[in-house]
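Understanding the architecture of this molecule
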Amino acid sequence: MLSASRSETEKAAMPVQLLKIIKGKSETPLPSHLQKEDLKHLQEGFDHTNKYFQGIVILSYPLTKLRDGTDFFKVVLQDLDNVHRSSRINSINILIYGKMAEDCAKIIRHGDTFVVAGFKLAKSPTARQDGRHACHLEVSEEAGSAIYIYTKPRTNAASETASVSVAPKYAYTPLNHLKDGTIVNLYGVVKFFKPPYVSKGTDYCSVVTLVDPSNVKLTCTLFSGNLDSLPKIYKVGDIVRFHRIKIREYNGQMQGITSVGFASLTFDGTVGAPVVPRTSSKVYTFMDEEQKTIEELRVWAASNLSISGPAAKLSGVQPMLFFDLTCQLVGKAKVDGSSFLLKVWDGTKCPYPTWKVPVEARDLEGEKVLLHQLRNLTVDILVYDNHVQLAKSLKIGSFLRIYSIHTKQASADNEEVSHIEFHLHGGTCYGRGIGVLPESNPDVKELKAFLESVDLADSQMESMSSVELDGTFNSVTDLESHLQRCQQLSVTVLTDHQDLNNTELKTILNSTAPQQYRIRAKLRTYKPQKLYQSIKLHCSKCNSLQEVPDGENFDLILQGSTVTAPNPELHNTSWYDSAMWTTQDQKQRKIAIHFVKCDEMLQQPEDTLLMIEGGTLKEVWKLTKRFKCVIPVRSTKDDLELLDLSAPFLLQGNIKYYGCKQCSTPKSIKSLSSIAAEQRPSWEPTEIAQVLGIEPLQYVFIMKFTLVDGTGALNAYLFDYEKFFQIPASEILTNNFLQQKMEMTMNTLCPPGRKLDDLPWLECFIKSYNVRDATKHRVYYQIFDTTVAEDVV
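Here is a short report on the structure shown in this document. Just so it is clear, the structure is predicted and the values come from calculations on it, not from any experiment. Numbers given for residues are sequential positions, taken from 1 along each chain in its written order. Where totals are concerned, whole chains, interfaces and linings use all residues; where local detail is concerned, this predicted model gives features only for residues with pLDDT of at least 70, and gives and counts side-chain atom pairs only at 80 or more. The basis for the side-chain values is all heavy atoms of the structure; hydrogens and waters are excluded.

1. Side note on the overall build of the chain
Within the chain one finds 15 helices and 40 strands. Residue burial in the chain is summarised as follows: out of 793 residues, 49% are buried. Computed with the Shrake-Rupley method and a 1.4 Å probe, the accessible areas treat only the protein chains shown as cover for residues. As displayed, the chain has an accessible area near 38900 Å², and 49% of this comes from carbon and sulfur atoms. Strands are runs of DSSP state E lasting at least two residues, helices are runs of H or I lasting at least four, and both sets are numbered from the N terminus onward. Three labels apply to residues, based on accessible area from a 1.4 Å probe with only protein chains included: buried if under 20% of the type maximum, exposed if over 50%, partly exposed otherwise in between.

2. Side note on the side chain of arginine 132
By the element assignment, arginine 132 lies in the loop between helix H3 (127-130) and strand S11 (135-139). Here arginine 132 falls in the buried class, since its relative accessible area comes to 16%. Within 3.5 Å is the distance limit for a polar contact, defined as a pair of N or O atoms, with the added protein rule that one can donate a hydrogen and the other accept it, and that residues adjacent in sequence qualify only through two side-chain atoms. In terms of polar contacts, arginine 132 uses its side chain to reach the side chain of asparagine 93, at 3.1 Å.

3. Description of the packing of aromatic side chains
The aromatic pairing rule takes the rings of Phe, Tyr and Trp, using the six-membered ring of Trp, and pairs them if the centres are within 6.5 Å, calling planes under 30 degrees apart stacked, those over 60 edge-to-face and the rest tilted. For the structure shown, the criterion picks out 14 aromatic pairs. Taking the centre distance of 4.9 Å and the plane angle of 85° together, the rings of tryptophan 575 and tyrosine 576 count as edge-to-face. According to the relative accessible area criterion, tryptophan 575 is buried, its value standing at 11%. Three or more aromatic residues joined by ring pairs make a cluster, and in this case those are Phe701, Phe705, Phe724 and Phe725. One Lys or Arg, lysine 313, reaches over the ring of phenylalanine 450 and ends 5.8 Å from the middle of that ring. Over a ring means this: the NZ of a Lys or the CZ of an Arg is within 6 Å of the ring centre and within 35 degrees of the ring normal.

4. With respect to the layout of surface pockets
One number sums up the size of the largest pocket: a volume of about 1500 Å³. If you trace the largest pocket, you find 47 residues lining it, with Lys120, Ala143, Asn226, Ser229 and Ser280 closest to the centre. Broken down by element, the residue count for the lining of the largest pocket peaks at 8 residues, all from strand S18 (residues 253-267). Charged means Asp, Glu, Lys or Arg here, nonpolar means Ala, Val, Leu, Ile, Met, Phe, Trp, Tyr, Cys or Pro, and polar covers whatever is left, Gly included. When grouped by side-chain class, the residues that make up the lining of the largest pocket number 16 nonpolar, 19 polar and 12 charged. In this analysis, the protein atoms alone were mapped onto a 1 Å grid. Cavities are point sets where a 1.4 Å probe fits without being able to get out; pockets are open sets with protein on both sides within 12 Å along at least five of seven lines; lining residues have an atom within 4 Å of a point. Grid points are joined across faces, edges and corners, and a volume is the space filled by probe spheres set on the points.

5. Some details on helix H15 (residues 736-749)
With 14 residues, H15 should cover 20 Å at 1.5 Å per step; its first-to-last C-alpha distance of 20 Å lies within 8% of that length. Most of H15 sits out of view: 12 of its 14 residues are buried. Residues of H15 that are buried: Asn736, Leu738, Gln739, Gln740, Met742, Glu743, Met744, Thr745, Met746, Asn747, Thr748 and Leu749. Capping of H15 at its N-terminal end is provided by asparagine 735; its side-chain oxygen lies 3.0 Å from the backbone amide nitrogen of leucine 738. The span expected for a helix works out to 1.5 Å for each residue beyond the first.

6. Points about the environment of leucine 178
With respect to the helices and strands, the residue leucine 178 is situated in the loop between strand S13 (163-164) and strand S14 (183-198). For the pair leucine 178 and lysine 246, spaced 68 residues apart in sequence, the C-alpha to C-alpha distance is 9.9 Å. Working rule for contacts: check all heavy atoms of both residues, and any pair within 4.5 Å makes them a contact. Residues in contact with leucine 178, not counting those within four places in the same chain, are Thr173, Val184, Leu186, Leu218, Ile247 and Met254.

7. Points about the pairing of strand S17 (residues 239-250)
Consecutive residues of a regular strand have side chains that alternate between opposite faces of the sheet. With 6 bridges connecting them, S14 and S17 associate as antiparallel partners. Residue pairing across strands places isoleucine 183 opposite lysine 246, the latter belonging to S17. Strands were regarded as paired on the criterion that DSSP finds at least two bridges between them. Once S17 ends, the chain turns through 2 residues before running back antiparallel as S18, passing asparagine 251 with a positive phi of about 50°.

8. Focus: unusual backbone geometry
Here alanine 513 and proline 514 are connected by a cis peptide whose omega angle stands at 5°. Looking at the secondary structure, you find proline 514 in the loop between helix H10 (505-509) and strand S26 (515-527). Omega for the bond connecting lysine 527 with proline 528 falls within 30 degrees of zero, at 0°, which places this linkage in the cis form. Relative to the helices and strands, proline 528 is located in the loop between S26 and strand S27 (535-538). Even without glycine at this site, aspartate 385 takes up a positive phi of about 55°. Assignment of secondary structure puts aspartate 385 in the loop between strand S21 (379-384) and helix H6 (388-393). One non-glycine residue with positive phi stands out, namely serine 404, at about 65°.

9. Here's the deal with the pairing of strand S36 (residues 698-708)
The buried fraction of S36 is high, at 9 of 11 residues. Where S26 and S36 come together, 5 bridges link them in antiparallel fashion. Within S36, the position partnered with lysine 522 by the bridge is valine 708. Note that S27 and S36 share 4 bridges and pair antiparallel. Considered in S36, the bridge of lysine 536 is made with valine 700. Across 8 bridges, the pairing between S36 and strand S37 (residues 713-720) is antiparallel. Looking across to S37, one finds that phenylalanine 705 is bridged to alanine 716. In this antiparallel pair of consecutive strands, S36 and S37, the connection spans 4 residues, and glycine 710 shows a positive phi of 95°.

This is the structure we're talking about:
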């Protein structure tokens, strides 16, 4: 604390001191680490740490209270070195807040020598009106300020050595005792936070949700023109101490907002970690008993708060994932007006090919030699919109924690061959943002030690699965030679009809349907370009096609089913055992699970089919990870029944099985007892569908290929369950590896950016067929009995 030269405890207790002058000199010297700052050097952008300003009091205003109840006192000081010049040119406003304002107002007089240290410099909004310095100094006990007053002789000699404003012992309010309109001090555990971001004005904003053992939640919105003055929160579970946080009630909920004199400390929430506060302030109060508070909150949070594990590594990322990454910045570049590139690494290697953002070499900041050495270990993260300003200010070599990065498969609409892209989308939803970690951070220390151990020579060895494609194709890559080979050989294999000879497309287009042909052609383009859109659901009975419902639709159906409570009279029958409980949330939802028995015995989880009532989507997916089959049901008066067939009738692993609404005639759930009676029931989806009267829908690839051979061009449809790609259509939507395999297959069959002459040949069978309606007759073509060669991918 910046105070008189006594013990640290004594300093902390005396932020305002009235000093005695003997023979023209101060009896108590100022602390030795303080250095005098001239008025002309009081400018924004300069470091004023360990500096003090000294002047003569030429004007003081009455002590007042701000709207939030904080005491406020304003003093005007004239530069001591320019006392004979105009005070309107050589004077500066001092704004004093809180207890210090009250103390100064009691003792200060015109002509006193006034020394201020630990101040905050800010632009003065009244500089033009009052003709004083363009900046003013803000002073408060919470900011770590100290004031020394050399006063003129008083009539009461005892007052010459008076020491004013002993630092109070702060009272901390539990979150369940907060009241509207009050300004309080509090402790809390971070349950959620948004890293600081630039608000619509010029201030930085941070949002943090706190909890404490009272089990009450408080969301605080914090603003400051100084980024460093906001809480330095790095992860959920951190503990914060807020002083002078204003409480207001909104929609029945208490909220916290910054007020004048707001200050914060942040502590690591890990049990056993050192109790070291994070703060930009050089001075703060922290009592011994507060360490006990921190340790108690740590223990409470460890058993009551769901704290995620360590941030993901690049080696563990998957497509379509949101994750936090602790990393080091090695390069950055402007991409366009709304996006910015950060090139980072964490010492591990992404298991998938990654997209390299195309930027000019001259625009890329960073050490060129290091960037080249790390080229196979770095990933490019594109940040957007409100994150761009902060990204531009980041220093090369700094350690970052980037929150809620989105990995997604690259769109195939452009001409670049790309696989996984890393994006930090605009906005602050889900805590998106960038945090700069100090080198003292334990995670940074661990990361630095790991980075130093990485053998960069090993990282230069590239396999086919990790070649980074940037759309320009290096002439010496394995991919290049692979594609050259594909130009000469067919990338597809015929599985039947070897006696057929090749037919030119021109001939096929001029022939009548139906017929079968063998062709040799090139794939000029295909639809849909977004491969996940090629997956449909097909009913083999009525030949209908439909889109695969999304998870949100299933979630809504599950929520609707919770309206009907489980019927206890249907529990614990001869062929299943039941368990029911009530959730502890406000809805007090009832959940029932029915475990199907075999030979009157419960089976191992991996062999068990269960039925669930009242479960959420998250709860259902958890059960599928442990049990063989899960069937969502609801109670009627006499029996359990399936939900609406818009929802899956069965979940097995990651696959959802749907039934055709038009062709299904659902039967009683009791029908499952016939399978349960078998010696070792296999619980095959087709068998379950049959006994329940469900006509199952099958996952199928539907794509349109535009094929050319130099004589003509025709559109042929691919209608395939798993034969063509050698990938089950039922698994592609939930299996990242298979999605990657399919994308690489299509990039081989139809390499983006290639001229027609450079495309590989496909050898396949197609059949023509007629489609007639009342007014039109069309001929269509479909690929059949063809599969992708095993060595293509």
